[in-house]
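Working through the structure, step by step
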Amino acid sequence: MKRLTAKEEEIMSFFWDRGPLFVKQIHDVYSEQKPHYNTLSTIVRGLEEKGFLGHTAYGNTHQYYALFSKESYRRSSIKVLINKYFNNSYNRVVAAFIEEEELTIDELKSLIREVEEKEKHKQKQT
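These numbers come from a predicted model, not from an experiment.

About the thresholds
- Residues numbered from 1 in each chain as written.
- Predicted model: local features only at pLDDT ≥ 70, side-chain atom pairs only at ≥ 80, totals over all residues.
- Heavy atoms only, no water.
- Patch = residues over 30% accessible without salt bridge, like charges linked within 9 Å, V, L, I, M, F, W, Y side chains within 5 Å.
- Areas by Shrake-Rupley, 256 points an atom, 1.4 Å probe, with all protein chains shown as cover.
- Salt bridge = Lys/Arg side-chain N within 4 Å of Asp/Glu carboxyl O.
- Lys, Arg positive; Asp, Glu negative; His and termini not counted.
- Charge placed at Lys NZ, Arg CZ, Asp CG, Glu CD.
- Helix = DSSP H or I, 4+ residues; strand = E, 2+ residues; numbered from the N terminus.
- Axes fitted to C-alpha atoms, helices over the stretch in contact; angles between N-to-C directions.
- Parallel < 35°, antiparallel > 145°, perpendicular 65-115°, else oblique.
- Contact = heavy atoms within 4.5 Å.
- Phe/Tyr/Trp six-rings, centres within 6.5 Å; stacked < 30°, edge-to-face > 60°.
- Buried < 20%, exposed > 50% of the residue type's maximum accessible area, 1.4 Å probe, protein only.

A cluster of acidic side chains, namely Glu99, Glu100, Glu101 and Glu102, defines a negative patch on the protein surface. Its location among the elements puts glutamate 100 in the loop between helix H5 (90-99) and helix H6 (105-125).

As C-alpha cells, this is what we get:
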C-alpha cells in the first residue's frame, strides 16, 4: 500500500469518519482557512489514482468513498515503519520504547497481559 502525505491523510480521515462524500462536502467540513475547491478536487482525484478512493458518478459530479479502512491503512503503515526502521523486529520496537523511557515496566507488564489474553481468546476460538 502506498504512503499518503499529511494532507492526503487529513482528507482520507474525512472519508473514514463520515463515509462517502462529494468534494463540496469536504470543502464544507473546513471552518476556517478553507483550501481552494480545485485544490481539494485535485487531491481527491490523486487519492483515487493511488487506489485509496473509488467513486460513484451522478451526472457530472462524483461521490467518492474510501476503498481501505483506517485500520487497514494503520496496520500497513506500522508494518512499513517496523520494517524500515527496526529491521522487521518487533522486539527492537519495544526495546526502543523502553530505551526512550516511553514505556514503563508497569506498562510493559500490562501489554504482556493483553497479549496473553488475546492469545487465550484465539485458542478458545480454534
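Once the structure has been displayed, the description carries forward.
Another point: the packing of helix H4 (residues 70-86) against H5. The interhelical angle for the contact between H4 and H5, taken along N-to-C directions, is 80°, at an axis separation of 9 Å. Between H4 and H5, the interaxial angle falls into the category roughly perpendicular. Contacts between H4 and H5 pair Lys79, Ile82 and Phe86 from the former with Tyr90, Arg92, Val93 and Ala96 from the latter.

By the definition in use, this model includes 5 aromatic pairs. Taken together, the aromatic side chains of Trp16, Phe52, Phe68 and Tyr73 make up a single cluster linked through ring pairs.

With that settled, the discussion passes to the side chain of histidine 27. Along the chain, histidine 27 falls in helix H2 (residues 23-29). Look at histidine 27 and you get buried, because its relative accessible area is 17%. Among residues more than four places away in sequence, those in contact with histidine 27 are Lys34, Pro35, His36, Tyr37 and Leu40.

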